2 protein chains.
Amino acid sequence: MAAESADPTRIMVAVNQSTIKGYPHASISSSGAFEWTVKKIIRSNTSGFKLLLLHVQVPDEDGFDDMDSIYASPADFMIMKHRDRIRGLHLLEYFVKQCNEIGVACEAWVKKGDPKEIICHEVKRVQPDFLVLGSRGLGPFQKVFVGTVSEFCAKHADCPVIAIKRNAAETPQDPVED
Amino acid sequence: MAAESADPTRIMVAVNQSTIKGYPHASISSSGAFEWTVKKIIRSNTSGFKLLLLHVQVPDEDGFDDMDSIYASPADFMIMKHRDRIRGLHLLEYFVKQCNEIGVACEAWVKKGDPKEIICHEVKRVQPDFLVLGSRGLGPFQKVFVGTVSEFCAKHADCPVIAIKRNAAETPQDPVED
């Protein structure tokens, strides 16, 4: 049996914003996955782990909020991009603050793109020991329309993947919401 | 953030015998999954976890070894069943011994049947916090013929599932072997 390695176990947790409350609020499934990791894996062994918190922003997701905005120059788009970035950072701040309170090392960053593709790309780049993903626990009918990041990553990510389903009690009336 | 629960995290690990060396030797993928769990999850926090070791025996798997046996009475079959049981227990002994040496609590038991069905059934019954499975990491073509327990369980088990792929270096020439 291998001895315990000196390096902490590096766990990547992908987090996203609430579809109901929006930034900076975390989705039910991603905050559930984060809390599960702390409670069931890290436990009291805070020096044995490092959390790698990745938030992938979907470029057009905030279109609705921009209905009243007028874009007249490249600078306006810069402001928009800047605002999106700030929102993503506020989401990460929520998780980083919790890591700090618990006393577990962490790194957090934002990427833009298709979450499932970017997550697999970042796994390849940073090589975590495993990846934790929140999952809405959708049925086969719902999946047809929304796709699931966790199923794609379980198949394609270059590291072990564990998907944590939302508690039934926390599932919104429309299970596609999160 | 929830405080650490007093109860240990209960991890079910499904283990099976080597297809090459047979009982009591563990398969490459299941001993890899066990070692990964100890090294990356349990680490030095041995009191924080309990391992639930399940071995599912496939009823006809040992047919070849019985080629020279003659069965003349129900008692002969009793002996055969008994021998199978003993073999399964020797496999578990290997893992239980390691748990004892590391100092992590464990429970181990044998069931008979179709591994994927029995594993999901046992998850429902003992309700582990999550399930660790070794995986041969087969490609799509190989999967058509052999099926994969880990994919079935990831979909159907009533708890989070993490599949640990064999190291490329440990993969036998025929990747279906384990």
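It should be emphasised that the depicted structure is a prediction, and the values quoted were computed from it without experimental measurement.

Helix and strand counts for chain A stand at 5 helices and 5 strands. Ordered by position from the N terminus, the helices and strands of chain A form the series β-α-β-α-β-α-β-α-α-β. Counting across all 178 residues of chain A, residues that qualify as buried make up 42%. Restricting the contact set of chain A to residue pairs at least 6 apart, pairs at least 24 apart contribute 77%. In the form shown here, chain A has an accessible surface area of approximately 9,500 Å², with 55% of it arising from carbon and sulfur atoms.

Time to look at the nonpolar core. One finds F130 of chain A together with F130 of chain B to be the most contacted residues of the largest nonpolar core, which totals 48 residues. Among residues more than four places away in sequence, those in contact with F130 of chain B are W36, I41 and I162 of chain A together with T9, R10, I11, M12, I41, C159, P160 and I162 of chain B.

Time to look at the interface of chain A and chain B. Where interface size is quoted, it is often the accessible area lost as the parts come together. At the junction of the two partners, chain A supplies 31 residues and chain B supplies 31 residues. A combined buried area of about 2,600 Å² lies between chain A and chain B, and 56% of that area is made up of carbon and sulfur atoms. At the junction of chain A with chain B, the criterion picks out 2 salt bridges. A salt bridge links D129 of chain B to K40 of chain A; the nearest nitrogen and oxygen atoms lie 2.9 Å apart. At the junction of chain A with chain B, the criterion picks out 10 residue pairs in polar contact (both at pLDDT 80 or more). Of all the secondary-structure elements, those providing two or more residues to the side of chain A that touches chain B are helix 1 (28-42), helix 2 (74-102) and strand 5 (161-165) of chain A. Considered class by class, the residues forming the side of chain A that touches chain B number 18 nonpolar, 6 polar and 7 charged.

Residue and element names in this part refer to chain A. In contact at an axis separation of 12 Å, helix 1 and helix 2 are set at 15 degrees when each is read in the N-to-C sense. On the basis of the axis angle, helix 1 is roughly parallel to helix 2. Here helix 1 and helix 2 pass one another in a crossing that is right-handed. Between helix 1 and helix 2, the residues in contact are S30, S31, F34, E35 and V38 and Y94, F95, Q98, C99 and I102, respectively. Considered class by class, the residues forming the contact of helix 1 with helix 2 number 6 nonpolar, 3 polar and 1 charged.

All names here are of chain A. Mapped onto the elements of the fold, P128 is located in the loop between helix 3 (115-126) and strand 4 (130-135). Given the relative accessible area of 7%, P128 is considered buried. Sequence-wise, P128 and K50 are 78 residues apart; in three dimensions their C-alpha atoms are separated by 9.4 Å.

Attention shifts here to unusual backbone geometry. A cis amide bond links Y23 of chain A with the next residue in sequence, P24 of chain A, at an omega value of -5 degrees. Position of P24 of chain A relative to the elements: it lies in the loop between strand 1 (9-15) and helix 1. A positive phi angle is found at R43 of chain B, which is not glycine, with a value near 50 degrees. Checked against the element boundaries, R43 of chain B lands in the loop between helix 1 (28-42) and strand 2 (49-57). Backbone geometry at Q127 of chain B places phi at a positive 50 degrees, although glycine is not the residue there.

All names here are of chain A. A rise of 1.5 Å per residue sets the reference length of helix 2, with its 29 residues, at 42 Å; its end C-alpha atoms lie 42 Å apart and thus fit the reference within 8%. Contact partners of the buried residues in helix 2: strand 1, helix 1, strand 2 (49-57) and strand 3 (105-112). Directly beyond the C-terminal end of helix 2, a positive phi value near 90 degrees is found at G103.

Mapped onto the elements, K21 of chain B comes out in the loop between strand 1 (9-15) and helix 1. It is 27 Å that separates the C-alpha atoms of K21 of chain B and V104 of chain B, two residues lying 83 residues apart in sequence.

The next subject is the side chain of D178 of chain A. Note that D178 of chain A resides in the segment after strand 5. Every residue in contact with D178 of chain A, bar those within four places of it in the chain, is listed here: Q17, S18, T19, I20, S27, I28, S29, R136, R166 and P172 of chain A.

This part covers the pairing of strand 2 of chain A. The two faces of a sheet get side chains in turn, since along a regular strand they alternate between them. Residues and elements named next belong to chain A. With respect to burial, strand 2 is a largely interior element, 8 of its 9 residues being buried. In this sheet, strand 2 lies alongside strand 1 in parallel orientation, the contact comprising 7 bridges. Its bridge partner being in strand 2, T9 is matched across the sheet by F49. Handedness of the crossover joining strand 1 and strand 2 through helix 1 is recorded here as right-handed.

Right, let's talk about the relation of the copies chain A and chain B for a bit. Mapping chain A onto chain B calls for a screw motion: a turn of 180 degrees about the axis and a shift of 0.0 Å along it, with 0.1 Å RMSD after fitting. What the superposition gives is, in effect, a two-fold axis relating one chain to the other. Within chain A, I162 of chain A has its C-alpha nearest the rotation axis, a separation of 2.5 Å. Looking at the interface residues of chain A, 100% of them are also at the interface in chain B, so both copies use one shared face.

Conventions used here
- Residues numbered from 1 in each chain as written.
- Chains lettered and ligands numbered in written order.
- Predicted model: local features only at pLDDT ≥ 70, side-chain atom pairs only at ≥ 80, totals over all residues.
- Heavy atoms only, no water.
- Helix = DSSP H or I, 4+ residues; strand = E, 2+ residues; numbered from the N terminus.
- Buried < 20%, exposed > 50% of the residue type's maximum accessible area, 1.4 Å probe, protein only.
- Contact = heavy atoms within 4.5 Å.
- Areas by Shrake-Rupley, 256 points an atom, 1.4 Å probe, with all protein chains shown as cover.
- Core = buried A, V, L, I, M, F, W, Y, C linked by side-chain atoms within 4.5 Å.
- Buried area = accessible area lost by both parts, 1.4 Å probe.
- Salt bridge = Lys/Arg side-chain N within 4 Å of Asp/Glu carboxyl O.
- Polar contact = N/O pair within 3.5 Å; in protein donor to acceptor, adjacent residues only side chain to side chain.
- Nonpolar A, V, L, I, M, F, W, Y, C, P; charged D, E, K, R; others polar.
- Axes fitted to C-alpha atoms, helices over the stretch in contact; angles between N-to-C directions.
- Parallel < 35°, antiparallel > 145°, perpendicular 65-115°, else oblique.
- Left-handed = near helix turned anticlockwise from the far one by under 90°.
- Expected span 1.5 Å × (residues − 1).
- Pairing = 2+ DSSP bridges.
- Right-handed = clockwise from strand over helix to strand, strands pointing away.
- Least-squares fit on C-alpha atoms with pLDDT ≥ 70 in both.

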